[in-house]
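Breakdown of the fold
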Amino acid sequence: MSAPRIVTLDGPAGVGKTTLARRVAEALGLAYLDTGAMFRATALALGPGARELPGAGLRARLEGLAFGLEGRGAASALRLNGRPVGEEIRTEQVGMLASDVATLPEVREFLKAAQRAVGRATALVAEGRDMGTVVFPEAAHKFFLDAAPEIRARRRCEQLRALGAPADLDAVTAQIRARDHQDRTRAVAPLRPAEDALVIDTGPLDIDGVFAAIMAALGRS
Ligand code: C5P
């Protein structure tokens with residue numbers, strides 16, 4: 001069976017999208033596009049004053065950002081202006097800053113065009129919030145992963161502790177709820193499943209279980 005051209009994987013913060021998208025891309029031999037990383041890198045590049053900029057000023061700043069994707073599967077690497085996008089974007093503070101700039105229509109339009117350009121150049125697994133609804137509505141394979149905020153917060157705390165970082169379950173749950181609320185209620189491209197997406201409740205499953213469900217739906221089990 002030939003590999004699909006575009007697979008979309010959407011869902012809220014902390015649901016396991018990044019790990020799964022990378023694994024599915026690796027299994028199918030496709031590139032992997034982490035669009036949350038694009039919002040995070042954009043938020044860092046623009047800085048905290050982005051929301052105060054007038055539309056034309058904001059568009060001019062965005063024109064200075066050039067994203068590219070190299071490699072395939074687990075080796076897929078996002079670049080911004082020729083430099084690899086690294087671990088500096090992975091803090092929850094940058095996640096919230098990304099969620100802030102993600103409410104701005106200018107930023108969404110700019111990144112949608114950049115994401116579609118990557119999708120035209122490369123077959124891929126695209127992971128984010130609006131891949132199935134807005135950016136690649138014509139994709140033949142769409143997945144939406146979900147789990148209760150408490151479950152996602154617990155998983156995130158386990159990851160942080162495994163890395164030796166302190167993690168407070170109540171604080172992480174509050175951060176996840178705040179970002180969920182902002183992502184689900186924004187006017188432009190709010191987080192929601194596409195009508196033709198397969199919704200997977202990851203609550204009762206581990207990563208292997210979700211991976212198996214996705215591969216089965218793709219006819220690869
Ligand atoms: O997935 P991740 O946590 O890295 O995304 C950071 C933020 O970027 C999200 O909370 C969301 O506001 C925004 N985002 C988005 N649309 C996407 C991907 C991410 O609005 N396709």
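Our subject in this report is the structure included herewith. Every value quoted in this text rests on a predicted model; they were computed, and no experiment measured them.

Criteria and cut-off values
Residues numbered from 1 in each chain as written. Predicted model: local features only at pLDDT ≥ 70, side-chain atom pairs only at ≥ 80, totals over all residues. Heavy atoms only, no water. Salt bridge = Lys/Arg side-chain N within 4 Å of Asp/Glu carboxyl O. Helix = DSSP H or I, 4+ residues; strand = E, 2+ residues; numbered from the N terminus. Buried < 20%, exposed > 50% of the residue type's maximum accessible area, 1.4 Å probe, protein only. Pairing = 2+ DSSP bridges. Axes fitted to C-alpha atoms, helices over the stretch in contact; angles between N-to-C directions. Core = buried A, V, L, I, M, F, W, Y, C linked by side-chain atoms within 4.5 Å. Contact = heavy atoms within 4.5 Å. Near = heavy atom within 4 Å. Polar contact = N/O pair within 3.5 Å; in protein donor to acceptor, adjacent residues only side chain to side chain. Areas by Shrake-Rupley, 256 points an atom, 1.4 Å probe, with all protein chains shown as cover. Nonpolar A, V, L, I, M, F, W, Y, C, P; charged D, E, K, R; others polar. Phe/Tyr/Trp six-rings, centres within 6.5 Å; stacked < 30°, edge-to-face > 60°. Lys NZ or Arg CZ within 6 Å of the ring centre and 35° of its normal. Parallel < 35°, antiparallel > 145°, perpendicular 65-115°, else oblique. Left-handed = near helix turned anticlockwise from the far one by under 90°.

Time to look at the pattern of salt bridges. Taken as a whole, this structure holds 16 salt bridges when the rule is applied. A salt bridge links Asp183 to Arg129, with the shortest nitrogen-to-oxygen separation between them at 3.3 Å. Taken as a pair, Asp183 in helix α8 (residues 169–185) and Arg129 in the loop between β6 (124–128) and α6 (131–135) lie far apart in primary sequence, 54 residues in all. Each member of the pair, Asp183 as well as Arg129, is classed as buried. Lys142 serves as the salt-bridge partner of Asp196, at 3.1 Å between the closest nitrogen and oxygen. With a gap of 54 residues between them, Asp196 in the loop between α8 and β8 (198–201) and Lys142 in strand β7 (residues 141–146) connect regions that are remote in the sequence.

All right, on to the sheet that holds strand β1 (residues 6–10) then. The five strands are arranged β2-β6-β1-β7-β8 in an open sheet whose pairing can be described as parallel. Since the sheet does not close on itself, it has two edges, and those belong to β2 (31–34) and β8, each with one partner. For this sheet, the mean angle separating the axes of adjacent strands, direction not counted, is 20°.

So, about the sheet that holds strand β5 (residues 83–84). Read across the open sheet, the three strands follow the order β3-β4-β5; overall the sheet is antiparallel. Two strands lie at the open edges of the sheet, namely β3 (67–70) and β5, each paired on one side alone. Relative to strand β4 (residues 77–80), β3 runs antiparallel, the two being bridged by four bridges. By the bridge assignment, Glu70 is partnered in β4 with Ala77.

Turning next to the nonpolar core. Counting 34 residues, the largest nonpolar core has Phe67, Val107, Leu124 and Phe136 as its most contacted members. Here this core gets six residues from one element, more than from any other, and that element is helix α2 (residues 35–46). Beyond its immediate sequence surroundings of up to four residues, Leu124 is in contact with Arg5, Ile6, Val7, Leu30, Ala31, Leu33, Leu69, Val118, Gly119 and Phe136. Judged by nonpolar contacts, the second largest core, of 20 residues, contains Val7, Leu28, Met215 and Leu218.

Neighbouring the ligand are 15 residues; Arg40, Arg108, Arg129, Arg179 and Asp183 lie closest to it. One of the side-chain nitrogen or oxygen atoms of Arg108 is found 2.8 Å away from an oxygen atom of the ligand. In the model, an oxygen atom of the ligand is placed 2.6 Å from a nitrogen or oxygen of the Asp183 side chain. About the coverage of the ligand: the protein hides 97% of its 450 Å² of free accessible area. Of the residues in the shell around the ligand, the class split is four nonpolar, four polar and seven charged.

This part covers the packing of aromatic side chains. Between two aromatic rings, the relevant description is the distance of the centres plus the angle of the planes. Per the stated rule, a full pass over the model turns up zero aromatic pairs. Sitting above the plane of the Phe211 ring, Arg23 keeps its charged end 4.2 Å from the centroid.

Here we come to the pairing of β6. Among the five residues of β6, five are classified as buried, and the element is accordingly described as predominantly covered. In β6, alternate side chains face the same way, and those of Leu124, Ala126 and Gly128 on one face and Val125 and Glu127 on the other are all buried. Bridging between β1 and β6 involves five bridges; their strand directions are parallel. By the bridge assignment, Leu9 is partnered in β6 with Glu127. By the bridge criterion, four bridges tie β2 to β6 in an arrangement that is parallel. Bridging from a neighbouring strand, Tyr32 pairs with Val125 of β6.

Relative to each other, α2 and helix α3 (residues 55–63) sit at 115°, their axes nearing to 11 Å. Here α2 lies roughly perpendicular to α3, going by the angle between them. In terms of crossing hand, the pair formed by α2 and α3 is right-handed. Residues Thr42, Ala45 and Leu46 of α2 form the contact with α3, whose own contacting residues are Leu58, Arg61 and Leu62. Taken together, the residues of the contact of α2 with α3 break down into four nonpolar, one polar and one charged.

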